[in-house]
2 protein chains.
Amino acid sequence: MQKKISTEPYKGVRDFYPRDLAIREYIFKVWSQTVEQFGYERYDASVFEPAELYRSKTSEEIVNEQTYTFIDRGDREVTLRPEMTPTVARMVAGKKRDLVMPLRWYSIPNLFRYERPQRGRLREHWQLNCDLFGSDDTASDVEMVCLADQLLKNFGLTSGEFIIRINDRKEMTEFYASIGLTDPATINILTRLIDRKTKLPLDDFKSELGNIVPEKAEAVLEIINAPDKENEVTKALDRLGLKNVILDRSLARGFDYYTGMVFEIFSSNTELKRALLGGGRYDNLTGLFSDEPVSGVGFGMGDVSLLDLLESTGKLPQIKTGPKLMIIPTDSKLNLDALALARAWHECGIATAVDYRPKALGKRLQDADKRRIPYVMVFGTDEVVKAEYTVKNLTSGESQTGSFEILKNRLVEETEGRQDGLYL
Amino acid sequence: MQKKISTEPYKGVRDFYPRDLAIREYIFKVWSQTVEQFGYERYDASVFEPAELYRSKTSEEIVNEQTYTFIDRGDREVTLRPEMTPTVARMVAGKKRDLVMPLRWYSIPNLFRYERPQRGRLREHWQLNCDLFGSDDTASDVEMVCLADQLLKNFGLTSGEFIIRINDRKEMTEFYASIGLTDPATINILTRLIDRKTKLPLDDFKSELGNIVPEKAEAVLEIINAPDKENEVTKALDRLGLKNVILDRSLARGFDYYTGMVFEIFSSNTELKRALLGGGRYDNLTGLFSDEPVSGVGFGMGDVSLLDLLESTGKLPQIKTGPKLMIIPTDSKLNLDALALARAWHECGIATAVDYRPKALGKRLQDADKRRIPYVMVFGTDEVVKAEYTVKNLTSGESQTGSFEILKNRLVEETEGRQDGLYL
């Protein structure tokens, strides 16, 4: 006998059994419907990208140690995409001449990172990516925050349940200039350190800060701890009715490509520490590919933190999968008749399956109930001869007997009227 | 200045710009809706699988040379899934005790193969996978073929446009036994050769056949060229109204795991040589993982051949993406007012975007028209002061002026009533 192999998935990734997948599809559906209301169009690409796409914008260390990168047999260096921004920049640059601005694009890619799996950080996860290209107006920054806000509201969250933090890289550059800090490389290193601020003990943070800007550490601390004020974006958001917005000078965002507004949204439940989403404005995302600059603003929102939040706040709806009606023939000889009947139900728009197993009727009824299938239709030779059938509602226990025509009208009406859960 | 990098995707994979993605989503939607009518539930898994999953069922050569397999930094051998069947077998075996049979499961995975890209064969493609587990009854084989047939019909194909070929591994084993061929290994090699029959020159086929079964080549040829007859499955399909079915003794299917019925569907257009879909019955798919056998029947249907067929037969619907209404403020100072108006349209269910660019009005109108956005709303300070706006239908050229309330009622009515294409 052969040694049996494990049924576990690869380390750090998930299997999606029908219930898990239904939840993932629910998330994707809310994402799609919301962003399409704002006029966004969906794109996608392959999970494979040339590794050079990440080499110039990300540090060597990240490409080599935190991504899945390998050499293919054609000697090409391939990376499984760790983020979507370089891909969308490549695609926009590739068809710049045919594309009509402004572009509102979104995607729901699976992304890969090679790191030790931990809560909220998996090796494969899905992310909503939204970008608005070809507009430098503040209104597009404001739109992006409104869209993010609407997404969370469409998952049933109220504005009290999350906080929108805003900052601005240009304004930070001005603050730094005012204390004599103007070297872009130093500011980059400083920004990356500030991005890690909440993850470090305060003393470590201060000592690292002292290493980067030895004589200006206090001045920098004063800037990033400045009390709330307002800027153009927060004023506009206030006018549009968003009250859960704060201007936070300590908000940095890790990526180098941001050049203007940056924002992150957090759950008000401080136990959920990771941002639910984050994004910002970039001046020239396509510089790697061409000299024609394309500016824009965008954000990404992962499925893992969101799912954590929806589960912990009880916001996930009850989602149903599977047939509405299960046909159970009393005798296996009637299995083909059962299939013919199922075909008739399909034509009426009632999702129908047949239990062909030669098991006791009671066992099969029990199984249908266990799966929470709302209706069953049991039939034997008598029913076929008389062309009269019985449909039972497993929730209410009620039964209805009659011709297929009568049952059809009843069931179509009932299933349109009410549903015991959300069918996607 | 930095050297610019290419905007081409990785070799053998596709970029999906919004129009391409809309077509892919249309295909996925027809797939999902059809199979869900039959009571199938969707599952998924990661693209990563332990390589050992493929080692025992596929030849070493295929794993090493035709898949993307690499060693990760934890010394695990990982494969990017080349097919979904081993994954679903792993998942079913992993939760065998909790799962209520019969299971009707489907998935739409992206699959990877490392081979020279050619027409209809890409390095990454998507595939609908359907399986019915836990029933050995012929009716489940028949259901699977009905489902495949319904899928093609739901893409607008008529039964004259495709041919369903059926065969049966058990029946073939009996034929072979009748001519004294009983060694399973020889029958496996023979079956794989017959699977390649149409791809080989007839003489090469005959000579290879002679090598495998030196004294029985003629008898085997007689069996596989036998004129159409019927078996239990084709009789049942005929009874259910499927007339484009033939019993084809030369139909082999490449995979070793089939043990009963096998089937493939081809376009009637003989220029499209690849099968549109194929599948069959297996007795024990979970043997790798456990001693409890799980039998079933299933098929896979790729997106590439299907898209080829739909394009060549003109069956693809016109699919629209993007907003229904574009707001164009005459002055950039009104951009935030435009966003506030867009938010009001979102609340009415009208997908709306704003063109914030400081370009001439005429240029922006032209761009909206080029993108085939059905409605535009141009407004300046006068309109804001009077709270009276104009919405223009770019298709008919008609304009309507009035309060937001009046325009809203009109537009909601119009866009519900007719659409210039299919919004998914």
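Residues numbered from 1 in each chain as written. Chains lettered and ligands numbered in written order. Predicted model: local features only at pLDDT ≥ 70, side-chain atom pairs only at ≥ 80, totals over all residues. Heavy atoms only, no water.

Participant: Can you break down the overall build of chain A residue by residue, with the values?
Facilitator: Helix and strand counts for chain A stand at 15 helices and 19 strands. What you see for chain A is a C-alpha radius of gyration of 28 Å, clearly larger than the 22 Å of a compact globule of 424 residues, by over 25%. Expressed along its principal axes, the backbone C-alpha trace of chain A runs to roughly 95 × 60 × 50 Å. Across the 424 residues in chain A, those meeting the buried criterion constitute 54%. Split by element, the accessible area of chain A, about 18,400 Å² in all, is 47% carbon and sulfur. Measuring between centres, the 59 positive side-chain charges of chain A sit 5 Å from its 66 negative side-chain charges. (Helix = DSSP H or I, 4+ residues; strand = E, 2+ residues; numbered from the N terminus. Rg over C-alpha atoms; globule rule 2.2 N^0.38 Å. Buried < 20%, exposed > 50% of the residue type's maximum accessible area, 1.4 Å probe, protein only. Areas by Shrake-Rupley, 256 points an atom, 1.4 Å probe, with all protein chains shown as cover. Lys, Arg positive; Asp, Glu negative; His and termini not counted. Charge placed at Lys NZ, Arg CZ, Asp CG, Glu CD.)

Participant: Would you mind going over the relation of the copies chain A and chain B in detail, with residue names and values included?
Facilitator: Put simply, the second copy of the chain is the first one after a rotation about an axis and a shift along it. With an axial shift of 0.0 Å and an RMSD of 0.0 Å, the rotation relating chain A to chain B amounts to 180°. Classification of the inter-copy transformation places it as that of a two-fold axis. Proximity to the rotation axis, assessed at the C-alpha, singles out Phe70 of chain A in chain A; its C-alpha lies 3.9 Å from the axis. An overlap of 100% is found between the interface residues of chain A and their copies at the interface of chain B, pointing to a shared contact surface. (Least-squares fit on C-alpha atoms with pLDDT ≥ 70 in both. Contact = heavy atoms within 4.5 Å.)

Participant: I'd like a rundown of the domain arrangement of chain A, residues and numbers included.
Facilitator: Many analyses report the size of an interface as the accessible area lost when the parts associate. Taken domain by domain, chain A consists of domain 1 (37-170 + 228-312) and domain 2 (319-423). Centre-to-centre separation of domain 1 of chain A and domain 2 of chain A, based on C-alpha positions: 47 Å. (Domains from an automatic or database assignment.)

Participant: Tell me what's going on with the pattern of salt bridges, and back it up with residues and numbers.
Facilitator: Residues and elements named next belong to chain B. Applying the stated criterion across every chain, the model contains 56 salt bridges over all chains. Of the charged contacts, one joins Glu77 and Arg55 as a salt bridge, the two residues approaching to 2.6 Å between their closest N and O atoms. Here Glu77 is found in strand S4 (residues 77-80), whereas its partner Arg55 is found in helix H2 (residues 52-55), with 22 residues between them in sequence. Its salt-bridge partner being Arg165, residue Asp248 comes within 2.9 Å of it at the nearest N-O pair. Highlighted residues: Asp248 in the loop between strand S9 (245-247) and strand S10 (261-267) and Arg165 in strand S8 (residues 162-168), separated in sequence by 83 residues. Residue classification places Arg165 among the partly exposed positions, given a relative accessible area of 24%. (Salt bridge = Lys/Arg side-chain N within 4 Å of Asp/Glu carboxyl O.)

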